[in-house]
Amino acid sequence: MDYDFIQRKVYDLIFTFIDSIPIDPFSIVSYFDSIFICSYKEYSEYYNISEDDVIRKFNSNEGFLLKCKDTSTNTNYYIMGYNQNKSKERIRFTIAHELGHFILKHNDRTSKNILNRYSLSDQETQHFETEANHFAKHLLIPFPIALYFKKHLNRFTAEIISNIFNVNFEPANYVFLNLNKLGDYSKKYFDSNIEQIILKKFNKSIAKILYKNRCLFCGQIFYVKDPKFCPICGKTLLLRESIDDIFPYFINYEDDNMIYSKIEINENHKAVKCPKCENEHIVEGDYCQICGMHTVNRCTFCHELLDGDARYCHECGAESTFYINRILTNYEGYNYLGKDDAPF
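Residues numbered from 1 in each chain as written. Predicted model: local features only at pLDDT ≥ 70, side-chain atom pairs only at ≥ 80, totals over all residues. Heavy atoms only, no water.

Draft legend 1. Spotlight on the sheet that holds strand β7 (residues 238-240). Ordered in space as β6-β5-β7, the three strands form an open sheet in which the pairing is antiparallel. With one partner strand each, in any of the chains shown, β6 (221-223) and β7 form the two edges of the open sheet. When strand polarity is set aside, the average angle formed by the axes of neighbouring strands in this sheet is 30°. With three bridges joining them, strand β5 (residues 212-215) and β7 adopt antiparallel strand pairing. Bridge pairing in β7 places R214 opposite L239. Helix α12 (residues 203-210) rests against β5, β6 and β7 of the sheet, and its axis sits at about 65° to β5. (Pairing = 2+ DSSP bridges. Helix = DSSP H or I, 4+ residues; strand = E, 2+ residues; numbered from the N terminus. Axes fitted to C-alpha atoms, helices over the stretch in contact; angles between N-to-C directions. Contact = heavy atoms within 4.5 Å.)

Following this line, the structure appears as structure tokens:
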């Protein structure tokens, strides 16, 4: 099995379609017009058969990939099926597994139109299954990101991997054992340009897990390592919510956060369009070439780059360029603790 080839194929998908964790295999599949995805229930209802008939038809109670021919256009299309009665973690792995069959062109390398999980025993199919499993593990749990968590968490186990990446225990334990085997060899994942690009691409998702902070004055949740000030209200009453302090724990990717006005910025902290004149042709530099307004939000004292909703610098507490130019309005003064609980 060509592990490097499979990993390159995984990276191609990550670079093209993915920038957050947990990785959503359904979303990736939706980008391929030639794949039609359905549950066993949907397939059974469409063809007026039972779900047990679907399992028998494809000889699998997990999932399948069926290659079909559109005779009117003489082109191939694929039906990807999954058993909706499995756990959500198992379904995610099944979709990633079947996507591996598709990306690695297993249907084109065999005479079989149907590829399904754990159903056929011949040597060729077992080889395909091993490749698809390897593909799915690396897609759902990218090694560079897992290694980064291993380096920055005080506690790192298969259970934590399972929780962070929303996978079942088997692939999580596989990654955990392999990361421990790497030892010093793991440095290669951080020295190569590709892995560094992946870490940068997933920077916001990583920060949401490692660096979650809540302001106890205005209620804002933000993700910065060791902040000294709230970026919304400038107060110092902050609560660090570390996953190291809670085990077993549940990572909530949908925080009940306070919503304050913000400017949409790109990865370089530059406004997507001018916040004053709405010019969308933003050039190099910190200012709009049409009206002269600041297009980069940074601290007016220490020049730290800031998020699009930051009124204050999380490092020194000074006002941001967006706030001092009144691009961002003052927060409404909502007291997260309530008047009677505020310690000031």
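Draft legend 2. Broad picture of the packing of helix α7 (residues 143-152) against α12. In contact at an axis separation of 12 Å, α7 and α12 are set at 30° when each is read in the N-to-C sense. Of the possible angle classes, the one that applies to α7 and α12 is roughly parallel. Every pair of crossing elements has a handedness; the one defined by α7 and α12 is right-handed. Taking contact as the criterion, the partners of I145, Y148, F149 and H152 in α7 are, on α12, I206, I209 and L210. (Parallel < 35°, antiparallel > 145°, perpendicular 65-115°, else oblique. Left-handed = near helix turned anticlockwise from the far one by under 90°.)

Draft legend 3. Quick peek at the packing of helix α8 (residues 158-165) against helix α9 (residues 169-182). At a minimum axis separation of 8 Å, α8 and α9 run at an interaxial angle of 120°. Taken together, the axis directions place α8 and α9 in an arrangement best described as oblique. For the pair α8 and α9, the sense of crossing is right-handed. Contacts between α8 and α9 involve A158, E159, I161 and S162 from the former and F169, A172, N173, V175 and F176 from the latter. Here the residues of the contact of α8 with α9 are counted per class, giving six nonpolar, two polar and one charged. (Nonpolar A, V, L, I, M, F, W, Y, C, P; charged D, E, K, R; others polar.)

Draft legend 4. Inspection of helix α11 (residues 193-201) at higher detail. Residues E195, I198 and L199 constitute the buried set of α11. Projected down its long axis, α11 shows its buried positions confined to an angular sector of 100°, all on one face. Counted as exposed and oriented over 90 degrees from the buried face of α11: N193 and K200. (Buried < 20%, exposed > 50% of the residue type's maximum accessible area, 1.4 Å probe, protein only. Arc of directions from axis to C-beta.)

Draft legend 5. Geometry of a nonpolar patch on the surface. On the surface, F15, I194 and I197 cluster together into a nonpolar patch covering about 220 Å² of accessible area. Looking at the secondary structure, you find I194 in helix α11. (Patch = residues over 30% accessible without salt bridge, like charges linked within 9 Å, V, L, I, M, F, W, Y side chains within 5 Å. Areas by Shrake-Rupley, 256 points an atom, 1.4 Å probe, with all protein chains shown as cover. Salt bridge = Lys/Arg side-chain N within 4 Å of Asp/Glu carboxyl O.)

Draft legend 6. Molecular detail of the pattern of salt bridges. In this structure the tally under the stated criterion is six salt bridges. A salt bridge links R56 to D53, with the shortest nitrogen-to-oxygen separation between them at 2.5 Å. Of this pair, R56 and D53 both sit in helix α4 (residues 51-58), three residues apart, which is roughly one turn of the helix. Take R56: its relative accessible area is 58%, and that puts it in the exposed class. Note that R90 and E170 form a salt bridge whose closest N and O atoms lie 3.9 Å from each other. Note that R90 is positioned in helix α5 (residues 88-103) and E170 in helix α9, a separation of 80 residues in sequence. Classification of R90 as buried rests on a relative accessible area of 15%. Within the structure, one salt-bridge network assembled from shared partners comprises E62, R90 and E170.

Draft legend 7. Geometry of the pairing of strand β2 (residues 63-70). In terms of burial, β2 is a largely internal element, six of the eight residues being buried. Where β2 lies against strand β3 (residues 75-82), eight bridges are found, and the strand directions are antiparallel. For L66, the partnering residue across the bridge sits in β3 and is I79. Between β2 and β3, which pair antiparallel one after the other, the connecting turn spans four residues, and N74 there sits at a positive phi close to 55°.

Draft legend 8. Quick look at the nonpolar core. Judged by nonpolar contacts, the single largest core of 55 residues is most densely connected at L99, F149 and F165. Take this core: its biggest share by element is seven residues, from α5. Beyond its immediate sequence surroundings of up to four residues, L99 is in contact with L13, I28, V29, F32, I35, M80, F135 and L139. (Core = buried A, V, L, I, M, F, W, Y, C linked by side-chain atoms within 4.5 Å.)

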